[in-house]
Amino acid sequence: MTDEYSLTVRREIGAPAEELFDAWLDPQSLALWFKPDGHATRAEIDPRVGGTLRFVMGSDESSCIASGTYREIDRPHRLVFTWSSPDTRFRDSLVTVTFRPSSSSTTIVEIHQVGLPDAESRASHFAGWSDVLRELGPSPSHEVGRQTSVRESTPATEDPDV
């Protein structure tokens, strides 16, 4: 048995993979849809391998800051970055976001996160990433705003060994 937890969240969104991928690397677009638990987000990113990311979520009085480093940027297929926040107990976890076209007009976006410290952190991140994908569907950028279908998954497993 390992002491790390993981999660997977996926959603089918009515937009091309290229547009959805680009929405993850544009700070102005991120501010429109990256809203875990409905909180406004300010993103400061350097979208290149080795570049940093910093998300300030919430109001100035009660904000949560997450930071990390981009490890892989493979447009329009995959993003990999570290993620450290109060909910990871400031340990680096690893997030992989994949974009898989499912038809000519929809893309399955999947977020897989490993290295979470406990079940509470996994539940919190599962809820946050689920919110993010719900918001991404309707309006990930000014150009993308169409949503033809939505399918969400439940946590891949409740087994901490996965």
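Conventions adopted
- Residues numbered from 1 in each chain as written.
- Predicted model: local features only at pLDDT ≥ 70, side-chain atom pairs only at ≥ 80, totals over all residues.
- Heavy atoms only, no water.
- Helix = DSSP H or I, 4+ residues; strand = E, 2+ residues; numbered from the N terminus.
- Buried < 20%, exposed > 50% of the residue type's maximum accessible area, 1.4 Å probe, protein only.
- Contact = heavy atoms within 4.5 Å.
- Areas by Shrake-Rupley, 256 points an atom, 1.4 Å probe, with all protein chains shown as cover.
- Pairing = 2+ DSSP bridges.
- Axes fitted to C-alpha atoms, helices over the stretch in contact; angles between N-to-C directions.
- Polar contact = N/O pair within 3.5 Å; in protein donor to acceptor, adjacent residues only side chain to side chain.
- Phe/Tyr/Trp six-rings, centres within 6.5 Å; stacked < 30°, edge-to-face > 60°.

A few words now on the overall build of the chain. Along the backbone of the chain there are three helices and seven strands. Order of helices (α) and strands (β) in the chain, N terminus to C terminus: β-α-α-β-β-β-β-β-β-α. The buried share among the 162 residues of the chain stands at 46%. When contacts within the chain are restricted to residue pairs at least 6 apart in sequence, those whose partners lie at least 24 apart make up 54%. For the chain, the exposed surface amounts to about 7900 Å²; the carbon and sulfur share of it is 49%.

Here we take up the sheet that holds strand β7 (residues 107-116). Across the sheet, seven strands lie side by side as β1-β7-β6-β5-β4-β3-β2; this open sheet has antiparallel pairing. If you trace the sheet from one side to the other, it starts and ends with β1 (5-13) and β2 (41-45), each paired once. Here the strands of the sheet are splayed against their neighbours by 20° on average, with no regard to which way each runs. Of the strand pairs in this sheet, β2 and strand β3 (residues 52-57) are connected by five bridges, and their pairing is antiparallel. Its bridge partner lying in β3, threonine 41 is registered against methionine 57.

By the element assignment, serine 29 lies in helix α2 (residues 27-33). For serine 29, a relative accessible area of 2% puts it in the buried group. Here the side chain of serine 29 touches tryptophan 33 through a polar contact of 3.1 Å, side chain to side chain.

The next point concerns the packing of aromatic side chains. As enumerated under the stated definition, the model contains 12 aromatic pairs in all. Centroid distance phenylalanine 34 to tryptophan 83: 6.3 Å. Interplanar angle 45°. Geometry classified as tilted. Of the two residues, phenylalanine 34 sits in the loop between α2 and β2 while tryptophan 83 sits in strand β5 (residues 78-83), which places them 49 residues apart along the sequence. Between the aromatic rings of phenylalanine 81 and tryptophan 83, the centroid separation amounts to 6.2 Å while the plane-to-plane angle is 55°, which identifies the pairing as tilted.

It is worth spelling out the pairing of β1 at this point. With eight of its nine residues buried, β1 lies for the most part within the structure. The sheet contact formed by β1 and β7 spans nine bridges and is antiparallel. When the bridges of β7 are listed, leucine 7 appears paired with glutamine 113.

Nothing here speaks to function; it is geometry throughout.
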